[in-house]
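Chain residues, written in single-letter form:
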Amino acid sequence: MSEQTERDGEYEKHGGFPVYRHDPDNGGPHFGRLVEALRVVQDLAVSTAPPPEATLQAAEHAEALAALLAPYTAPEGHYPAGRSLDLPGRGSLLMLPWTAERLGTEGVRARGVFRRYHMGGNGAAHGGVLPLLFDDLFGSVTHAYGRPISRTAYLHVNYRKITPLDTPLTVEGKVDRVDGRKTFVSARLTDDDGTLLADAEALMVVLLPGQP
């Protein structure tokens, strides 16, 4: 979920979501550095074959890092991950490391790459990460359009070509039409030559008051 604004008083009344607001500090001066370091660790964790002694040392470091961060666990909506709009993936390791270039009622455009962590096989992005990209984009599309909090009712992805790793790509999405609580959206994923790699369509449904 992207930045919570004050423009829609109904926004907070739909579902059990906390109020999300942009973290203008991006979690402080070192949070972006931490997120990028963790992304590199993710890439290495799925692409290296260290000897047992290195694996042991890495595990000890990972356990020490977990112990360092554990005391600072915060409630949903009160940590910078997911709210740092200026960072790739809004500072969330779950989200793909893409950055929005356009965010408005006319649609959303984002740029980014699929990294080694996202590989499915034979140098291509895993098919399962494309629905994640589109689903996250559609959340931003409906929010930027001014719709209240919605959930995905269905998401259909057409895989047109193999999606490469470590290649700058663009994803663009928009609202096609609105019918009551229903928001119909679509998006396209292309490379810098304009080649269509995948497209998607989805139905986003506005939550009822108190609906989780």
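Residues numbered from 1 in each chain as written. Predicted model: local features only at pLDDT ≥ 70, side-chain atom pairs only at ≥ 80, totals over all residues. Heavy atoms only, no water.

Comments concerning the packing of aromatic side chains
Next, step 1: This model, assessed by the stated rule, comprises two aromatic pairs.
Next, step 2: Ring centres 5.5 Å apart and planes at 65 degrees place the aromatic pair Trp98 and Phe114 in the edge-to-face group. Of this pair, Trp98 sits in the loop between helix 2 (52-69) and strand 1 (99-104) while Phe114 sits in the loop between strand 2 (107-112) and strand 3 (119-121), placing them 16 residues apart in sequence.
Next, step 3: Seen from their ring centres, Phe134 and Phe138 are 6.4 Å apart, and the 20 degrees between their planes marks the pair as stacked. Of this pair, Phe134 and Phe138 both sit in helix 3 (residues 129-145), four residues apart, which is roughly one turn of that helix.
Next, step 4: Since its relative accessible area comes to 0%, Phe134 is described here as buried.
Next, step 5: Cation over ring: Arg177 sits above Phe184, and NZ or CZ is 3.9 Å from the ring centre. (Phe/Tyr/Trp six-rings, centres within 6.5 Å; stacked < 30°, edge-to-face > 60°. Helix = DSSP H or I, 4+ residues; strand = E, 2+ residues; numbered from the N terminus. Buried < 20%, exposed > 50% of the residue type's maximum accessible area, 1.4 Å probe, protein only. Lys NZ or Arg CZ within 6 Å of the ring centre and 35° of its normal.)

Here we look at the sheet that holds strand 8 (residues 196-206)
Each strand in a sheet pairs with another by means of backbone hydrogen bonds, the pair being arranged parallel or else antiparallel.
Next, step 1: What the six strands build is an open sheet, ordered 1-2-6-7-8-5; its pairing is antiparallel. Looking along the sheet, the strands with just one partner apiece sit at the ends: strand 1 and strand 5 (150-159). Averaged over all pairs of adjacent strands, the angle between strand axes in this sheet comes to 15 degrees, irrespective of strand direction.
Next, step 2: Bridge count between strand 6 (residues 169-179) and strand 7 (residues 182-191): 10 bridges; the pairing is antiparallel. Note that in strand 7 the partner of Lys174 across the bridge is Ser186.
Next, step 3: Here helix 3 sits on the sheet in contact with strand 1, strand 2, strand 5, strand 6, strand 7 and strand 8, set at roughly 130 degrees to strand 7. (Pairing = 2+ DSSP bridges. Axes fitted to C-alpha atoms, helices over the stretch in contact; angles between N-to-C directions. Contact = heavy atoms within 4.5 Å.)

A word on the confidence of the model for the protein
Next, step 1: In the predicted model, the protein carries a mean pLDDT of 89, and the fraction of residues at 70 or more is 88%.
Next, step 2: The low-confidence segment residues 1-8, where pLDDT is below 50, has 27 contacts with residues more than four positions distant or belonging to other chains. (pLDDT = per-residue confidence, 0-100.)

Observations regarding the pattern of salt bridges
Next, step 1: Scanning the model with the defined rule gives 10 salt bridges in all.
Next, step 2: Here Asp199 makes a salt bridge to Arg160, at a shortest N to O gap of 2.7 Å. Of this pair, Asp199 sits in strand 8 while Arg160 sits in the loop between strand 5 and strand 6; the two residues are 39 residues apart in sequence, bridging distant segments of the chain.
Next, step 3: When its relative accessible area of 13% is taken as the criterion, Asp199 is described as buried.
Next, step 4: Where Lys174 meets Asp176, a salt bridge forms, and the shortest distance between an N and an O atom there is 2.4 Å.
Next, step 5: On the accessibility criterion, Asp176 (39% relative accessible area) is partly exposed.
Next, step 6: Several salt bridges share partner residues, and in doing so they unite Glu101, Arg102, Glu106, Arg109 and Glu172 into one network. (Salt bridge = Lys/Arg side-chain N within 4 Å of Asp/Glu carboxyl O.)

So, the side chain of Thr170
Next, step 1: Residue position: Thr170 is located in strand 6.
Next, step 2: By relative accessible area, Thr170 is classed as buried at 11%.
Next, step 3: Side-chain polar atoms of Thr170 contact the side chain of Arg111, separated by 2.9 Å.
Next, step 4: For Thr170, the residues in contact, after removing those within four places along its chain, are Trp98, Arg109, Ala110, Arg111, Arg188, Leu189 and Thr190. (Polar contact = N/O pair within 3.5 Å; in protein donor to acceptor, adjacent residues only side chain to side chain.)

So, the pairing of strand 1
Next, step 1: Sheet topology places strand 1 next to strand 2; five bridges connect them, and they run antiparallel. When the sheet's bridge partners are listed, Leu103 is paired in strand 2 with Val108.
Next, step 2: Connecting strand 1 to the antiparallel partner strand 2 that follows it, the hairpin turn spans two residues.

Considerations on helix 3
Side chains of residues three or four places apart in an α-helix project in the same direction, reflecting 3.6 residues per turn.
Next, step 1: With 17 residues, helix 3 should reach 24 Å at 1.5 Å per residue; the first-to-last C-alpha distance of 24 Å fits that figure.
Next, step 2: Those residues of helix 3 that fall on the buried side of the exposure criterion are Val129, Leu130, Leu133, Phe134, Leu137, Phe138, Ser140, Val141, Thr142, His143 and Ala144. (Expected span 1.5 Å × (residues − 1).)

Some thoughts on the nonpolar core
Next, step 1: With 27 residues, the main nonpolar core has Trp98, Phe114, Phe134, Phe138, Val171 and Leu189 as its most contacted residues.
Next, step 2: When contributions to this core are tallied by element, the ones reaching two or more residues are strand 2, helix 3, strand 6, strand 7 and strand 8.
Next, step 3: When residues of this core are assigned to their parent elements, the largest contribution, eight residues, is made by helix 3. (Core = buried A, V, L, I, M, F, W, Y, C linked by side-chain atoms within 4.5 Å.)

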